[in-house]
Amino acid sequence: IDPRFGNIALALALNEAVEIVRFPFVIATTPPLTRFVERVTGRSMNRKPGKFALMMKEHGVFFLVYWTSFWAVTGLGCYGAITHFGPEAAFELIRYVHLDQFVSLE
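A quick note: this is a predicted structure, and the numbers were derived from the prediction, not measured.

Asker: How should I be thinking about the packing of aromatic side chains in this particular structure?
Answerer: What the rule picks out here adds up to four aromatic pairs. Both rings, one in F25 and one in F70, keep their centres 5.2 Å apart while their planes meet at 20°; by these two values the pair is stacked. With F25 in helix α2 (residues 19-41) and F70 in helix α3 (residues 55-85), this pair connects stretches of sequence that are 45 residues apart.

Right, dumping it as structure tokens:
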């Protein structure tokens, strides 16, 4: 297997593991970021009041674009780190945060 493909697969797996940190961060920062964008652009994003589970309905396309962009940036960051530091460093990180309890690294 080409090492680049292995690095891509490892980066995708590591990126999904980062979800536990990324999700609360995006949920917490979406409302203030939406208000900031509305203030800077002077346009309303037609937000509707809602609860936590209605984040997509409340913030619409902005939330989708923000979430997808954040996912892509962390994925590219994981790939860059794996390319720079090597796959062994990624495996060590996985062991360090005890994700190896859920996925076998052997």
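Asker: In this structure, what is going on with the pattern of salt bridges? I would like to understand it.
Answerer: Where charged atoms from two side chains of opposite charge approach closely, those side chains can pair. Evaluation of the coordinates by the stated rule reveals two salt bridges. Across the salt bridge formed by E19 and R22, the nearest N and O atoms sit 2.4 Å from each other. One end of the pair, E19, and the other, R22, are both in helix α2, three residues apart, so they sit about a helical turn from each other. Across the pair E92 and R95 runs a salt bridge whose closest N-O atoms are separated by 3.1 Å. On the criterion of helical spacing, the pair formed by E92 and R95 is a turn pair, its members being three residues apart in helix α4 (residues 87-96).

Asker: What is the right way to read the layout of surface pockets from this model?
Answerer: Of the pockets and cavities examined, the second largest pocket occupies roughly 170 Å³. In this structure, the second largest pocket is lined by L14, A17, V18, I20, V21, C78, A81, L93, V97 and L99. Looking at the lining of the second largest pocket, the elements that each hand over two or more residues are α1 (3-17), α2 and α3.

Thresholds, definitions, all that
- Each chain has its residues counted from 1, following the order in which its sequence is written.
- With the structure being a predicted model, the display of local features is reserved for residues of pLDDT at least 70 and the display and counting of side-chain atom pairs for 80 or more, all residues being used for whole-chain, interface and lining totals.
- Excluded from the side-chain calculations are hydrogens and water; all other atoms, namely the structure's heavy atoms, are used.
- Each aromatic pair joins two rings of Phe, Tyr and Trp (for Trp, the six-membered one) with centres within 6.5 Å, and gets the label stacked for planes under 30 degrees apart, edge-to-face for over 60, and tilted for any other angle.
- Think of it this way: any DSSP run of H or I at least four residues long counts as a helix, any run of E at least two long counts as a strand, and we number them from the N terminus.
- In what follows, salt bridge is the name for a side-chain nitrogen of Lys or Arg lying within 4 Å of a carboxyl oxygen of Asp or Glu.
- Cavities and pockets were defined on a 1 Å grid built from protein atoms only: a cavity is a group of points that admits a 1.4 Å probe but offers it no way out, a pocket is an open group of points flanked by protein on both sides within 12 Å along at least five of seven lines, and a lining residue is one with an atom within 4 Å of any such point.
- Grid points are joined across faces, edges and corners, and a volume is the space filled by probe spheres set on the points.

Purely spatial values, then, with no claim about function.
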